[in-house]
Amino acid sequence: QVRLVESGGGLVQSGGSLRLSCVASGDIRFIADMAWYRQAPGKERELVAAITTMGPRNGATNYADSVKGRFTISVDDGENTAFLQMNSLEPEDTAVYYCNGRIRTWRMYDFKSYWGQGTQVTVSS
């Protein structure tokens, strides 16, 4: 019904930049918010950045302390696409990055959380 596909990961040197994209497609009626999570080897998945995409808080963003001032989340509402601009990357940012969307389909009355398959980001020192 709903599919999230990430792209843009890769290998970059410390101090470099990457831009991740996440395209949501399928039977989508509303998207309440979209977010980026990451999971490093041996660690739990953690929230990196989130953005509200509807309602009175439309456009509100939230960032993990470790990425504030370096990462920026944005969306293209018309294309159901979320972006994560990552600047000043550090080796500690190495992880698999996952896109998440809280989405209501035309067939459901409730919002449901959907995940992408993940994209690897590796930052070399």
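Residues numbered from 1 in each chain as written. Predicted model: local features only at pLDDT ≥ 70, side-chain atom pairs only at ≥ 80, totals over all residues. Heavy atoms only, no water.

### Considering the state of the cysteines
Next up, step 1: Within the structure shown, the criterion is met by 1 disulfide.
Next up, step 2: Paired through a disulfide, Cys22 and Cys99 show a sulfur-sulfur distance of 2.0 Å. The S-S bond linking Cys22 to Cys99 shows a torsion near -80°; that makes this disulfide left-handed. In this pair, Cys22 sits in strand E3 (residues 18-26) while Cys99 sits in strand E9 (residues 95-105), placing the two residues 77 residues apart along the sequence. Across the pair, Cys99 and Cys22 agree in class, each one buried. (Disulfide = S-S within 2.5 Å. Helix = DSSP H or I, 4+ residues; strand = E, 2+ residues; numbered from the N terminus. Buried < 20%, exposed > 50% of the residue type's maximum accessible area, 1.4 Å probe, protein only.)

### With respect to the environment of Ala40
Next up, step 1: For Ala40, the position within the fold is in the loop between strand E4 (28-39) and strand E5 (46-52).
Next up, step 2: Placed 34 residues apart in sequence, Ala40 and Ser74 show a C-alpha to C-alpha distance of 23 Å.
Next up, step 3: Apart from residues lying up to four places away in sequence, Ala40 is in contact with Thr94 and Ala95. (Contact = heavy atoms within 4.5 Å.)

### Considerations on a nonpolar patch on the surface
Next up, step 1: On the surface, Phe30, Met54 and Phe111 cluster together to form a nonpolar patch covering roughly 230 Å² of accessible area.
Next up, step 2: Along the chain, Met54 falls in the loop between E5 and strand E6 (61-63). (Patch = residues over 30% accessible without salt bridge, like charges linked within 9 Å, V, L, I, M, F, W, Y side chains within 5 Å. Areas by Shrake-Rupley, 256 points an atom, 1.4 Å probe, with all protein chains shown as cover. Salt bridge = Lys/Arg side-chain N within 4 Å of Asp/Glu carboxyl O.)

### Focus: the nonpolar core
Next up, step 1: Of all hydrophobic cores here, the largest spans 31 residues; its most connected members are Trp36, Leu84, Met86 and Tyr97.
Next up, step 2: For this core, the secondary-structure elements that each account for two or more residues are strand E1 (2-7), E3, E4, E5, strand E7 (71-76), strand E8 (81-86), E9 and strand E11 (119-124).
Next up, step 3: Not counting residues up to four positions away in its chain, the partners in contact with Tyr97 are Glu6, Leu20, Trp36, Tyr37, Arg38, Val48, Phe71, Leu84, Met86, Gly118, Thr119 and Val121. (Core = buried A, V, L, I, M, F, W, Y, C linked by side-chain atoms within 4.5 Å.)

### Some words on the sheet that holds E7
Next up, step 1: Spatial strand order, E1-E3-E8-E7: 4 strands in an open sheet with antiparallel pairing. Each edge of the open sheet is held by one strand with a lone partner, namely E1 and E7. Each adjacent strand pair in this sheet contributes to an overall mean axis angle of 15°, direction not counted.
Next up, step 2: Bridge count for E3 against E8 is 6 bridges, and the pairing is antiparallel. When the sheet's bridge partners are listed, Leu18 is paired in E8 with Met86. (Pairing = 2+ DSSP bridges. Axes fitted to C-alpha atoms, helices over the stretch in contact; angles between N-to-C directions.)

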